[in-house]
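# Fold and contact review
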Amino acid sequence: AALTIAGYLHDLASATPLPAGGSAAALAGALAASLGTMGARIGQQATAEQTLDSLSHKLAGLMRSDCEAYEALSQARRLPADRTDRPLLLASALERATDVPLTIAKLACEAGHSIAAIRTCLSPAVQSDLTVGMILAIAATEAGLHTAKTNIKLQRNQSVADIQAGAITKISNSLEELKGLCYTPPPST
């Protein structure tokens, strides 16, 4: 069931491990994409509206996915050390706990780029809202990358770590482009 904002914030502030940073990053990304959807609707840009609305829903779904991935990792860590399949289960859970924040970062960055593409076509008042959306997208991307970089250091499967490191590099490059777009004021309309 969908949480209310107040309920989610209450859960986030509780002294429990879930929800935590990953779900907060996904929420920030979903908020960014929703601001972009608003701008696309105001600007009557149907393709951008569809793209951003889809990204918002995917990012909102990743709030739960992040909690599930972290819980699976916690369970794998609690397995007895002498259990023969523990290393494989731990590596698999860690891979998922890294893939989810990577997906959050990727989708949030995509949302930011989509917002940048429509921002210049709108009035200064709406451009301001879309800039806030881009800033949220940047924050969500950075947060997802931070979690992924933290988790990848624990990954013992080097081929998985290499693939994930490649994804981190690609998203990081896209993030730098997004920052340039965000902090360069759009031309006046």
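Overview of the structure. What you are looking at is a predicted structure, and each value in this text was computed from that prediction instead of being measured.

Okay, the nonpolar core next. Membership of the largest hydrophobic core comes to 45 residues, with the highest contact counts inside it found for Leu52, Leu62, Ile104 and Leu145. Those elements giving two or more residues to this core turn out to be α2 (21-42), α3 (46-77), α4 (86-119), α5 (124-152) and α6 (158-182). Per element, the largest residue contribution to this core is 13 residues, and it comes from α4. Apart from residues no more than four positions distant in its own chain, Leu62 is found in contact with Ala26, Val100, Thr103, Ile104 and Leu107.

Note that Arg119 resides in helix α4. Among buried Asp, Glu, Lys and Arg side chains, Arg119 stands out as unpaired, with Asp129 the closest opposite charge at 11 Å. Separated by 2.8 Å, the side chains of Arg119 and Thr131 make a polar contact. At 2.7 Å, the side chain of Arg119 forms a polar contact with the backbone oxygen of Leu181.

A few words now on the pattern of salt bridges. A complete count under the given rule lists six salt bridges for this structure. Of the charged contacts in the structure, one is a salt bridge between Arg78 and Glu71, with a shortest N-O distance of 3.4 Å. Judged by relative accessible area, Arg78 falls into the exposed class, the value being 57%. A relative accessible area of 29% means that Glu71 is categorised as partly exposed. One salt bridge in this structure joins Glu142 and Lys179, with 2.7 Å as the shortest N-O distance. Of the two residues, Glu142 sits in helix α5 while Lys179 sits in helix α6, which places them 37 residues apart along the sequence. We classify Glu142 as partly exposed; its relative accessible area is 36%.

What follows covers the state of the cysteines. One pass over the structure, following the stated rule, counts zero disulfides. This cysteine, Cys182, is not joined by any disulfide, and Cys109 carries the nearest cysteine sulfur, 11 Å off. The exposure class of Cys182 is buried, given its relative accessible area of 4%.

Before going further, it helps to examine unusual backbone geometry. Omega for the bond connecting Leu18 with Pro19 falls within 30 degrees of zero, at -10°, which places this linkage in the cis form. Relative to the helices and strands, Pro19 resides in the loop between α1 (5-13) and α2. The residue Gln44 is not glycine, and still its phi comes out positive at about 55°. Its place among the elements puts Gln44 in the loop between α2 and α3.

Cut-offs and rules
Residues numbered from 1 in each chain as written. Predicted model: local features only at pLDDT ≥ 70, side-chain atom pairs only at ≥ 80, totals over all residues. Heavy atoms only, no water. Core = buried A, V, L, I, M, F, W, Y, C linked by side-chain atoms within 4.5 Å. Buried < 20%, exposed > 50% of the residue type's maximum accessible area, 1.4 Å probe, protein only. Helix = DSSP H or I, 4+ residues; strand = E, 2+ residues; numbered from the N terminus. Contact = heavy atoms within 4.5 Å. Lys, Arg positive; Asp, Glu negative; His and termini not counted. Salt bridge = Lys/Arg side-chain N within 4 Å of Asp/Glu carboxyl O. Polar contact = N/O pair within 3.5 Å; in protein donor to acceptor, adjacent residues only side chain to side chain. Disulfide = S-S within 2.5 Å.

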